[in-house]
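Structural overview
So the chains spell out like this:
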Amino acid sequence: MTSRHIYIVTGQVQGVGFRPFIYREASKLGLTGSVGNTPEGVRIEAQGDEAALAAFSSFPDRVPPLARIASLRRREAAPVPDEREFLIRHSRAGEHRGHSVLVSPDMAPCDACLADMADPSNRRFGYAFTNCTNCGPRYTITRSIPYDRPVTSMACFPLCGPCAEEYHDPANRRFHAQPNACPDCGPALWLEGPEETTDTVDHDDNPVLRERKKKYCLSDNAIMGNGAVLALLTELRRGRVAAVRGVGGFHLVCDARNERAVAELRRRKARPHKALAVMVADLSSARRFAHVSDDAAARLASPRRPIVICPRKNAGNDALPDILAPDTDGVGLMLPSSPLHHLLFHPDWAGGRAEDALPALVMTSGNPHGAPLCLGNREAKRRLADMADLFLLHDRDILVRVDDSVVFPAEEETPDSPAIPALMVRRARGFVPEPALLPERLSRKPDDCVFAAGAELKHAFCLTRGGEAFASQHLGDVSRPENLAFFEETLRHLLALLEVKPRLVVRDLHPDYLSSRLADAFARERGLPKLELQHHVAHVCAVMAERRLNAPVLGLALDGSGLGDDGTVWGGELLLVSPGRWKRLGRFSRFPLPGGEAAIRAPWRTAHALWKAAELPDADQPWLADAPQRAKLAPMVEEMLERNVRCPQTSSCGRLFDAVSALCGLCFDITYEGQAAVRLERAQDKRENGAYPLPVRKRDGLLEVDVASMFRRAADDRATPALLARRFHRGLAIGLARWARMAADDTGVTAVALCGGVFNNRTLLAELPVELRRLGLTPLSPSTFPAGDGAIALGQALWGDWLLDA
């Protein structure tokens, strides 16, 4: 008996080989019908006997690697008489509008494409832009939807005959692969550098490349094609620093085992201490340099290719130099995320020798300190001229700047340590623009849209579309004008890509954040209502969004700073949050920050303030010993504290970490955010079981943690830095759990969201949940979104979604 089934599929099903996959599945079962885009989603009509249709109905279990089904609806329809074949219906103008189109993130090359690149008989042997529907760039090359070649940066590369045949063959894995290309018709690669590179032979005698050389007015010194890769490796072995154009922007690259080269890169980038990411060829290479757990290996080898932070091996000839990450025992490793990166580790694919590959390359963001990634060739040569000795460039335009994602892998429980959940540190390439699904809301409409502007540091914004929340890639510090331009550029692009019109704007409570000012202007120009949400409430909401929770939760929101509704700087907060409502239940006791921002840059100032608050003897301040510059500034700091001038009050947990780090003599002045806390965590002697008490008292109607008392105990202890650091961490984990238990007893709520940048501390993220569970509470930690400010916009978006129709 012949039947006909209609399926409507939404999700990440465009540009990922989904329609040809359906075509092949239906054809091999002898079904007739069609598959195509409609305003509802991808529409499949399948007709045949019941057995064939039953077999076909399991297609969601076999979708292509990059496809992700968000929803699937099926209904029966009347059979169509005399239908003889199964067709792929091509999109017509406007057919995509209104349905849930998701553009895929950029993905690393698949094994089949790598096999093409490694095969000397294949026409894509060593081709740096090889891809298919199962891999390659998507988000960074897409201008608008529907995702077709004319709206990508491949529009200017007409397909040659063989590529066109692949593109139009439904049985080929490159069917409708929009970036499809080969050396005869696709983007080209070249190296521009110093005079010393002229002794390297240009290995490609391709007439297409010769024409490109003329087109771009390249000097005789520029090397085209795969010879550029071989020449680059020669220069890197000499200790040079290169700017390499990748998928979402530029990297600055040098030999990771050459300490002199790494030191020079640090000097040029004004990045003296913050860890540098390292790219290696494969998992066996990663295990050569670091301890790689099963979860870390899975994340390293996934098509998303994030930077994965792993414990560094410190012994033997294979040890990476400490200069790569001087403040931590970890190293951020990544595997090649593009065909070009693979060529750097396989010079034999480029006509060279396999032994000429370098085993590890520094692969850090190609930008001046704190500024956005460089995007275009001319821009990079202008902005990175003082940092790079040479430039590996190509002519496939990057339409969207996207940095590398960074993750902590999950760690299994051991006899010495509890299990630690995975944590997203920076969400960008490989993950954006995948949406988070918001908690169910009965009154939500498909065209509901909230624009959430985010915070300021580690910035991302968020747009909702119905029940989906699309967080942007990491944008950096938007207090800088150039990053604000990056914010505006990315907002325009994502608004166009999602085809949404916001009905509500939500921003941080702080009026002076540039993100707040942009949000105000956005709302004013469009006549939209605007909400202001307190920073730490947004942190808690971000965890609720990730967990799809509508029920009330307690929130331990611990970070460096965020403006409170009382005008002080918050950062150690115990909150009760439910849909559309929140209440502050507790705080860290307040202390002054002498000089405000200056105290954040100089942790000894915060330590000085807490020393005074703890009523400790002035003569014993350890950060003034053998420190003429600090001793010279100390009287000024003292006077500021006594007169309460430029001393904003704070309840910040992050600043407490700073003060204890200074007390230990570990960090007096910082060169990157969180440095003092990173050094404090590393200093711990994990064998120690002691803990400094964290007293709680009732004050101003709040459960207040007595920070000065804890600091006094640490200062009086006179322990070694290793013991002091450990007792501080243990005391904090035990004390915070007891604090939350007190709030649970008062409210009846036992779920506790752990949020804020302090939870990048792996010790606290491991030990606090253990203490919470011991007291009968349920810890909720973030996983797929950052704990810190990178998730603020997601929390704001959920708050706006709750209040959209209020």
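Just so it is clear, the model here is predicted, and its values are computed rather than measured. (Residues numbered from 1 in each chain as written. Predicted model: local features only at pLDDT ≥ 70, side-chain atom pairs only at ≥ 80, totals over all residues. Heavy atoms only, no water.)

**So, the overall build of the protein**
Scanning the protein for helices and strands turns up 23 helices and 32 strands. Against the 2.2 N^0.38 benchmark of 28 Å for 806 residues, the protein shows a C-alpha radius of gyration of 28 Å, consistent with a compact globule. Residue pairs at least 24 apart in sequence account for 73% of intrachain contacts in the protein once pairs closer than 6 positions are excluded. Put simply, the protein shows about 30600 Å² of open surface, and 50% of that area lies on carbon and sulfur atoms. Once the 102 positive and 101 negative side-chain charges of the protein are each reduced to a mean point, those two points are 2 Å apart. (Helix = DSSP H or I, 4+ residues; strand = E, 2+ residues; numbered from the N terminus. Rg over C-alpha atoms; globule rule 2.2 N^0.38 Å. Contact = heavy atoms within 4.5 Å. Areas by Shrake-Rupley, 256 points an atom, 1.4 Å probe, with all protein chains shown as cover. Lys, Arg positive; Asp, Glu negative; His and termini not counted. Charge placed at Lys NZ, Arg CZ, Asp CG, Glu CD.)

**Things to note about the sheet that holds strand 23 (residues 530–533)**
The pairing of strands in a sheet comes from backbone hydrogen bonds and takes either a parallel or an antiparallel form. Spatially, 18-21-20-19-22-23 is the arrangement adopted by the six strands of the open sheet, whose pairing is mixed. Looking along the sheet, the strands with just one partner apiece sit at the ends: strand 18 (436–437) and strand 23. Pairing geometry for strand 19 (residues 450–452) and strand 20 (residues 462–465), over two bridges, is antiparallel. Opposite Phe 451, over in strand 20, you have Leu 463 as the bridge partner. (Pairing = 2+ DSSP bridges.)

**Here we look at the environment of Val 758**
Residue position: Val 758 is located in the loop between strand 31 (751–755) and helix 22 (762–774). Separated by 81 residues in sequence, Val 758 and Ala 677 have C-alpha atoms that sit 8.4 Å apart. Leaving out residues up to four positions away in the same chain, Val 758 has contacts with Leu 558, Asp 559, Cys 653, Gly 654, Phe 657 and Leu 764.

**Focus: the pairing of strand 12 (residues 307–311)**
Sheet topology places strand 12 next to strand 16 (residues 406–408); two bridges connect them, and they run parallel. In the strand pairing of strand 16, Val 308 is matched with Val 407. Sheet topology note: the strand 12/strand 13 (residues 330–334) ladder contains four bridges and is antiparallel. The residue of strand 13 that forms the bridge with Cys 310 is Val 331.

**Structural notes on the packing of helix 18 (residues 653–663) against helix 20 (residues 707–717)**
For the pair helix 18 and helix 20, the least separation of the axes is 11 Å and the interaxial angle reads 15°. For the element pair helix 18 / helix 20, the angle class is roughly parallel. Of the two elements, helix 18 crosses helix 20, and the hand of that crossing is right-handed. Seen from helix 18, the contacting residues are Leu 656, Ala 659, Val 660 and Leu 663; seen from helix 20, they are Val 707, Phe 711, Ala 714 and Ala 715. Along the lines of polarity and charge, the residues of the contact of helix 18 with helix 20 split into eight nonpolar, no polar and no charged. (Axes fitted to C-alpha atoms, helices over the stretch in contact; angles between N-to-C directions. Parallel < 35°, antiparallel > 145°, perpendicular 65-115°, else oblique. Left-handed = near helix turned anticlockwise from the far one by under 90°. Nonpolar A, V, L, I, M, F, W, Y, C, P; charged D, E, K, R; others polar.)

**Points about the sheet that holds strand 9 (residues 242–245)**
Spatially, the 11 strands line up as an open sheet ordered 8-7-15-9-10-14-11-13-12-16-17, and their pairing is mixed. Each of the sheet's edge strands pairs with one partner strand only, and the pair in question is strand 8 (223–224) and strand 17 (423–426). Lying on the sheet, helix 7 (residues 259–269) is in contact with strand 10 (250–255) and strand 14 (360–365); it crosses strand 10 at an angle near 145°.

**Concerning unusual backbone geometry**
Of note, the bond from Val 432 into Pro 433 is cis; its omega dihedral lies within 30 degrees of zero at 15°. When you line up the elements, Pro 433 lands in the loop between strand 17 and strand 18. The phi dihedral of Asp 82 falls on the positive side, at around 65°, and the residue is not glycine. One can find Asp 82 in the loop between strand 4 (68–77) and strand 5 (86–88).

**Section: helix 1 (residues 18–28)**
Listing the buried residues of helix 1 in full gives Phe 18, Arg 19, Pro 20, Phe 21, Ile 22, Glu 25 and Ala 26. Where helix 1 is buried, its residues touch strand 1 (2–14), strand 2 (32–38), strand 3 (41–49), helix 2 (50–56), strand 4 and strand 5. Phi for Gly 30, located one or two positions after helix 1, is positive at around 75°. (Buried < 20%, exposed > 50% of the residue type's maximum accessible area, 1.4 Å probe, protein only.)

**Regarding the pattern of salt bridges**
A complete count under the given rule lists 63 salt bridges for this structure. Of the charged contacts in the structure, one is a salt bridge between Glu 25 and Arg 62, with a shortest N-O distance of 2.5 Å. Of this pair, Glu 25 sits in helix 1 while Arg 62 sits in the loop between helix 2 and strand 4, and the two are 37 residues apart along the sequence. Given the relative accessible area of 33%, Arg 62 is considered partly exposed. Among the salt bridges present, the one from Arg 774 reaches Glu 771, with a minimum N-O distance of 2.8 Å. Of this pair, Arg 774 and Glu 771 are both found in helix 22, three residues apart, which corresponds to roughly one turn of the helix. Given the relative accessible area of 55%, Arg 774 is considered exposed. Relative accessible area serves as the criterion here: at 8%, Glu 771 is assigned to the buried category. Ionic contacts of the salt-bridge type, sharing partners, join the residues Asp 116, Arg 123, Arg 124, Glu 166, Arg 173 and Arg 174 into one network. (Salt bridge = Lys/Arg side-chain N within 4 Å of Asp/Glu carboxyl O.)

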